Amino acid sequence: MKRFFLLLAMLPAALNVGAQDFHSLWIIPKKTEIGQSTHFDAAQVTRTPEGWQFCVPVGRIPEGSYVEWDFTISASADAPEYYAVEYMDGRQWKTDGVFACTLTKDTSKEFTIQMRTIRLENAIDKGNLLLRLRPVTSGEGLPAFACSDNTAASVRWLGTEAPKDTTRVLCIGNSFTYVCQSSWMLKSLAWSQGHYLEVEDALKGGQSFGQHLSLSVTADKIRQGRYDFAFLQNQSQTNAWYAQKGDEQILSDALELARRVRRFSPNVKLMYESTWSYPGKKSDNGGFESPGEFDRLMHKGTSKIAKAAKARVSPIGRAFALCRAERPDIALYASDKKHQSEYGAYLKACVNYLIIFGTPFDESRPQNCSLDSEKAKYLRDIASRVVL
């Protein structure tokens, strides 16, 4: 079963001012090459001499609006490496910086994730929002939207109110972070509460901390520095194995990753994620005796690592366990019974939001990320009970 960031049937045809919830104007349901002219739901993507242009029909967007443009792409070794992120404001193309795309032979597991917040000085009245990726280096290959049971691209109207503060966040992990894009949800949650997050992701499927130590994308993100928070998410069983077997290499890798992050961000607050137990397709609980034992070992191992690193634990697994016990009707897992569903990704985002800001959600400004509002509120409550 394919799971996306929100149901296709619920996509708005146009973006209108005044809505309070998460707005996603297009979804690309599979890894898809950007061709000469391709239609995705409400958007059209066209290859032009200047790059790849996205034409998104909108309702009315007032002047001074903030728009979030998030996308995940993968590129083969012969593709251009550097791209400018551009948007049409009035009649002028403006640039929101340049990014480097990871060029790889394994485009199924190594992605480049961009989260861009742009501000439109001019209003759009029943027109099109134009966005563009323009290569600034040469290359023959085409980048592809990377979608692993999650959204590959999303545009959201954020309103006209500027956030009151800015926090830089680094997320290092694997598919337990990028499936269903919990980082995008985290950023949306923060904006709804009046905070701006600058989020950088270093993610590759199946990676442990030891493997991240040799990844160029992880090294590049770490060297950017000036992070306020860093969330470190290990391979899905490794922290539990550390509690069970005491493998000192696991601890050594975790401490070395922390040392590298602190070298470039000396004031960073480090968080090791204690992730969730899962039955898996074989219903073997990841090789552990029971879900409860898996959860116990995961939290114990993560806590020992965090103590050694003088860091904190993000208790995502405990929030999952509490939700499973109280609300089995909320499907936290994807069809593989391992990875997070949209609801699981949302719960993770809620926990990490509270870890960062340490105060309850303002329920007068809810951000449901297009999930069922009652279930989303319950997940916010669960996160608050576990963290605060």
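Basis of the calculations
Counting of residues starts from 1 at the beginning of each chain's written sequence and follows it residue by residue. At least 70 in pLDDT is required for a residue's local features to be given in this predicted model, at least 80 for side-chain atom pairs to be given and counted, and no such filter applies to totals for whole chains, interfaces and linings, which use all residues. Computation of side-chain values: all heavy atoms of the structure, hydrogens and water removed. The definitions used throughout rest on a 1 Å grid laid over the protein atoms alone, on which a cavity is an enclosed set of points accommodating a 1.4 Å probe that cannot get out and a pocket is an open set flanked by protein within 12 Å on both sides along at least five of seven lines; lining residues are those having an atom within 4 Å of a point. Grid points are joined across faces, edges and corners, and a volume is the space filled by probe spheres set on the points. Runs of H or I in DSSP of at least four residues are treated as helices and runs of E of at least two as strands, each being numbered from the N terminus. Lys, Arg, Asp and Glu make up the charged group, whereas Ala, Val, Leu, Ile, Met, Phe, Trp, Tyr, Cys and Pro make up the nonpolar group; the residues left over, Gly among them, are polar. Counting of polar contacts relies on pairs of N or O atoms within 3.5 Å, with two restrictions inside protein: one atom must be capable of donating a hydrogen and the other of accepting it, and residues adjacent in sequence are counted only when both atoms are side-chain atoms. Throughout, a contact is declared for two residues whenever any of their heavy atoms are within 4.5 Å. Only strands that DSSP links by at least two bridges are regarded as paired with each other. For helices, the fitted line uses only the C-alpha atoms of the stretch in contact; every axis is such a line through C-alpha atoms, and the angle between N-to-C directions lies from 0 to 180 degrees. The nonpolar core is taken to be a set of buried Ala, Val, Leu, Ile, Met, Phe, Trp, Tyr and Cys residues, with the residues joined through side-chain atoms within 4.5 Å. Burial status follows relative accessibility: with a 1.4 Å probe on protein chains alone, a residue under 20% of its type maximum counts as buried, one over 50% as exposed, and anything between as partly exposed.

Student: Mind showing me how you'd approach the layout of surface pockets here?
Tutor: Take a probe with the size of a water molecule and roll it over the atoms, and the empty space left behind shows itself. In this structure, the largest pocket encloses a volume near 500 Å³. If you trace the largest pocket, you find 29 residues lining it, with Ala 100, Gln 114, Glu 200, Lys 221 and Gln 224 closest to the centre. Ranked by residues supplied to the lining of the largest pocket, first place goes to strand S15 (residues 195–203) with seven residues. Split by residue class, the lining of the largest pocket holds 13 nonpolar, six polar and ten charged.

Student: Would you mind going over the side chain of Lys 94 with me for this structure?
Tutor: Along the chain, Lys 94 falls in strand S8 (residues 92–100). A distance of 3.0 Å separates polar atoms of two side chains, one belonging to Lys 94 and the other to Asp 89. For Lys 94, the side chain forms a polar contact with the side chain of Glu 121, separated by 3.4 Å. Not counting chain neighbours up to four residues away, the residues in contact with Lys 94 comprise Val 85, Glu 86, Tyr 87, Asp 89 and Glu 121.

Student: Help me understand the sheet that holds S15 in this model?
Tutor: Within a sheet, adjacent strands bond to each other through the backbone by hydrogen bonds, running parallel or antiparallel. Read across the sheet, five strands follow the order S15-S14-S16-S17-S18 without closing on themselves; strand pairing throughout is parallel. What marks the edges here is a single partner per strand, and that holds for S15 and strand S18 (312–314). Strand-to-strand, the axes of this sheet are offset by a mean angle of 25°, without reference to chain direction. Taken together, the four bridges between strand S14 (residues 165–173) and strand S16 (residues 229–232) define a ladder with parallel strand orientation. Paired with Cys 171 across the two strands is Phe 231, which belongs to S16.

Student: Honestly, the nonpolar core in this entry has me stumped. Any pointers?
Tutor: Side chains of nonpolar character tend, in soluble globular proteins, to be buried together. Residues Leu 332, Tyr 346, Leu 347 and Leu 379 are the most contacted members of the largest nonpolar core, which totals 56 residues. Ranked by the residues each element gives to this core, the list is headed by helix H9 (residues 342–357), at twelve residues. Counting 26 residues, the second largest nonpolar core, distinct from the first, contains Val 56, Ile 61, Phe 71 and Ile 118.

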